[in-house]
Amino acid sequence: MRHNETQGSRGASFILALALILFILTSSIGLPIYLRGFYYAHIVGMDLPEQSGYTYEEIKQAYDEVLDYLTIPGKEFSTGVIPYSEEGKDHFVDCKVLFDLNATVLILSAATLLILFFTRRKLGPYRLLKKPAAFWAALGVIVIPIVVGALAASDFDRAFTVFHHIFFPGKENWMFNPYTDGIIRVLPQDFFMHCAILIGVGVVLQAILIFLWCRSQKRYRREQKEDGM
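All values derive from a computational prediction rather than experimental measurement. (Residues numbered from 1 in each chain as written. Predicted model: local features only at pLDDT ≥ 70, side-chain atom pairs only at ≥ 80, totals over all residues. Heavy atoms only, no water.)

*Asks:* Could you give an account of the overall build of the chain, with specific residues and numbers?
*Replies:* A tally of helices and strands in the chain yields nine helices and two strands. Element order for the chain, N to C, with α for helix and β for strand: α-α-α-α-α-α-β-β-α-α-α. For 229 residues, the compact-globule estimate of 2.2 N^0.38 gives 17 Å, and the C-alpha radius of gyration of the chain, at 22 Å, exceeds that figure by more than 25%. Considering only C-alpha atoms, the chain reaches an extent of 75 × 30 × 30 Å along its principal axes. Burial status across the chain gives 35% buried among its 229 residues. Across the chain, contacts joining residues at least 24 apart in sequence account for 75% of those joining residues at least 6 apart. When the accessible surface of the chain is totalled, it reaches about 14,200 Å², and 65% of it is carbon and sulfur. (Helix = DSSP H or I, 4+ residues; strand = E, 2+ residues; numbered from the N terminus. Rg over C-alpha atoms; globule rule 2.2 N^0.38 Å. Buried < 20%, exposed > 50% of the residue type's maximum accessible area, 1.4 Å probe, protein only. Contact = heavy atoms within 4.5 Å. Areas by Shrake-Rupley, 256 points an atom, 1.4 Å probe, with all protein chains shown as cover.)

The following block contains the structure:
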């Protein structure tokens, strides 16, 4: 019986580690998606009205309508007063698949973590190799922004291109023509670089919080053990 409980705890620990990794990644990716103020600050900070010829309100409206399409089920694609081509629209259709996937994984991983939290007394402790499963999840996930960040910092243009070849294989509709797809004038590549930085910061901060929590739990258990003695 004890062996089965150990195996159950080990299996639950693996599930927790995986769910936590997915939650950290998808919630971090969600930061530049759901925090629209992040883009609004770029409208002024990058002087997009001057560069694009559109007003602040026109740019904001176009961005909001694109994000509504990408994040809200049933929304029709639109870019406000900014023109777009069918080929450009097709790229956002492809993007919506990735946005929906990220949102789905975020919700499922969060639900899994909640279930494991409320069943921890029955299935716990969630430990792997004598450490909390959360520790290994944080350790594993923090490697991703470090490796990706190092590659992107060396040549972001190439990293940007490789990213699109990986997630949009065989397609070139992501290479917008500014004359037919004015939206690209208000979505400069530097903005996406800043999005990547924000995602990396989100991952690192969450990993650090988990490391601090693990450390506090270790100290708590040591104090409890000393009090018991």
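Read on, since the account is not over.
*Asks:* Account for helix 8 (residues 156–167), with residues named and values stated.
*Replies:* With 12 residues, helix 8 ought to run about 16 Å at 1.5 Å a step, and its terminal C-alpha atoms sit 16 Å apart, in line with that. Along helix 8, the residues classified as buried are F156, F160 and H164. Projected down its long axis, helix 8 carries its buried residues within an arc of 80 degrees, all on one side. Structural note: helix 8 exposes R158 and I166 on the side pointing more than 90 degrees away from its buried face. (Expected span 1.5 Å × (residues − 1). Arc of directions from axis to C-beta.)

*Asks:* Any chance you could break down the packing of aromatic side chains for me, citing the residues and the numbers?
*Replies:* What the rule picks out here adds up to 16 aromatic pairs. Judged by centre distance (3.8 Å) and plane angle (10 degrees), the rings of Y39 and Y63 are stacked. With Y39 in helix 2 (residues 37–45) and Y63 in helix 4 (residues 56–71), the pair connects residues that are 24 residues apart, well separated along the chain. A relative accessible area of 6% places Y63 in the buried class. Through successive ring pairs, a cluster of aromatic residues spans F38, Y39, Y63, F156, F160, W174, F191 and F192. Taking NZ or CZ as reference, K96 lies 5.2 Å from the ring centre of Y69, over its face. One residue, K131, lies across the ring of F135, its end atom 5.0 Å from the ring centre. (Phe/Tyr/Trp six-rings, centres within 6.5 Å; stacked < 30°, edge-to-face > 60°. Lys NZ or Arg CZ within 6 Å of the ring centre and 35° of its normal.)

*Asks:* Residue-level account of unusual backbone geometry, with values.
*Replies:* At L129, a residue that is not glycine, the phi angle is positive and equals roughly 55 degrees. On the secondary structure map, L129 appears in the loop between strand 1 (127–128) and strand 2 (131–132). Of note, the phi angle at K130 is positive, near 70 degrees, even though the residue is not glycine. Topologically, K130 is positioned in the loop between strand 1 and strand 2. Note on K130: relative accessible area 76%, which makes it exposed.

So yeah, pure geometry; function would need other evidence.
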